[in-house]
Amino acid sequence: MSFETPARPVERPASMARRMLLVTGLGSLLMALAVAIAASLAVDEEVNELLDDSLQASALQLAPLLHEQLHDSPPGALPALGSERFAWAWYDSAQRLVRASPGADPEWLQRPPQAGLWSSTHWRLHDHLLGEQGWLRVAQSRAERQEASAEVAEFALLAGLGVALIGLPLLAWRAHQELRPLRRLAHLLENFDAASADPRELAAALGSASRAELLPVQRALATISERLGERLAFEREFGAQAAHLLRTPLAGMDAQLAVALKENPGQPRLQRVREASQRLQAMVLALLRLFRSEPQVQRTTLDARALLAGLPLGELQLQPGPPCPLQADAELLAAALLNLVDNAQRHGATRLWLGQETAQSLRLRDDGSGVDAAQREALRQRLHAGAAEPGGAAGLGLRLARRVALAHGGSLNLPDTEQGFEVELHL
């Protein structure tokens, strides 16, 4: 059964091009809608003014015709002029109702005439004074005006949306063209061999900025890569010199301790000092290799159990088990195992178990105090983020072991376990 650290879901960043297209499209539609509304309001005002003028003109043209019909018709007869959307009423000079069209509304029929335009609940009206002949009231229904305004608004909205839909592909194409330099920069950065190339070559690989907005970005990248290149060159030189300078005195210490043990056998403290010296030598040299900018992993076929048994384990007892063969860098793997052994000792462990589930994996478990589920999850999160445990060396030891696994192209996992602490290395 294999336990792996739960991987965080990788969140894909939002696309600038898609966001720009979305904003452009919604912006175009909203602008078209706003223009259509503004046009509708403006046209609605003009339509009302035009209809008011038409209403007044209708009164002037209708007055002679109605006067003639009213004069010639019998008292009970009504002229046929009028409809559901247009009505009229004739008042005498004393403002008394004389005649009205069939569509006249009783609401405004009872109201005395007054010169000019006015409105009732469902009608727009105009009262026209005819001198001694009386008053003529003409009315137009509001429904007709609303229908005219609605048609104007509909045409304005359709025209605005049509313009927006026609212009949207052009805006999208233009946005795509303007983002091309940014995509080119991203492509060049993605294809730059950061693992092996000199960072100082990045500026030449990117070339000159083709847009003013990209100029500070490329300048910053050039400055950072130049400083990083200088730092890496210094680290290479320092690592090579430090390994050379430290190897000789550490080997000399081990030789002197070997002679002292030969001259004074049976000295447990002296033996522990030699074991610590050997451990220090292996650790220092492995860490110097590991923390170079380009750690070179030298894989060989080895038995991890034999490698762990040969390390200075102190009071820890490695429990017997089958061999654990794999392909790995012996020096780096020893450094990782030493760090994990240190963690086990700090947590009160006395026994170690080493096993394999796949050809290139190791599972190291101890019987120490371990951690609870919440602490284990916190360790996983800190390892994933590359942060050490605050105030503790255990977190640093796990980070170093994880760095060894990453140098091999693998990973470090913390399986769930009820007792002790367990680490799984994939190499």
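Quick summary incoming for the structure in this document. (Residues numbered from 1 in each chain as written. Predicted model: local features only at pLDDT ≥ 70, side-chain atom pairs only at ≥ 80, totals over all residues. Heavy atoms only, no water.)

## What about unusual backbone geometry?
Most peptide bonds take the trans configuration, and most residues that are not glycine carry a negative phi.
(1) Moving on: Positive phi, normally seen in glycine, also occurs at Gln95, with a value near 65 degrees.
(2) Moving on: By the element assignment, Gln95 lies in the loop between strand S1 (86-91) and strand S2 (97-100). (Helix = DSSP H or I, 4+ residues; strand = E, 2+ residues; numbered from the N terminus.)

## Thoughts on the pattern of salt bridges
(1) Moving on: Under the criterion given, the structure shown has 14 salt bridges.
(2) Moving on: The closest approach of N and O atoms between Arg85 and Glu147, which form a salt bridge, is 3.0 Å. With Arg85 in the loop between helix H1 (16-72) and S1 and Glu147 in helix H3 (residues 142-178), this pair connects stretches of sequence that are 62 residues apart.
(3) Moving on: Take Arg85: its relative accessible area is 39%, and that puts it in the partly exposed class.
(4) Moving on: The salt bridge partner of Arg351 is Asp367, with a shortest N-O separation of 3.4 Å. Within this pair, whereas Arg351 is found in strand S9 (residues 351-355), its partner Asp367 is found in the loop between strand S10 (361-366) and helix H10 (373-385), the two being separated by 16 residues in sequence.
(5) Moving on: The partly exposed category is assigned to Asp367, whose relative accessible area is 25%. (Salt bridge = Lys/Arg side-chain N within 4 Å of Asp/Glu carboxyl O. Buried < 20%, exposed > 50% of the residue type's maximum accessible area, 1.4 Å probe, protein only.)

## Some thoughts on a negative patch on the surface
(1) Moving on: The grouping of Glu45, Glu46, Glu49 and Asp53 at the surface amounts to a negative patch.
(2) Moving on: Its location among the elements puts Asp53 in helix H1.
(3) Moving on: A residue is classified by how much of its surface remains accessible, and Asp53, at 47% relative accessible area, is partly exposed. (Patch = residues over 30% accessible without salt bridge, like charges linked within 9 Å, V, L, I, M, F, W, Y side chains within 5 Å. Areas by Shrake-Rupley, 256 points an atom, 1.4 Å probe, with all protein chains shown as cover. Lys, Arg positive; Asp, Glu negative; His and termini not counted. Charge placed at Lys NZ, Arg CZ, Asp CG, Glu CD.)

## A few points about the side chain of Arg363
(1) Moving on: Looking at the secondary structure, you find Arg363 in strand S10.
(2) Moving on: Looking at Arg363, its side chain comes within polar contact range of the side chain of Glu422, at 2.8 Å.
(3) Moving on: Separated by 3.2 Å, the side chains of Arg363 and Glu424 make a polar contact. (Polar contact = N/O pair within 3.5 Å; in protein donor to acceptor, adjacent residues only side chain to side chain.)

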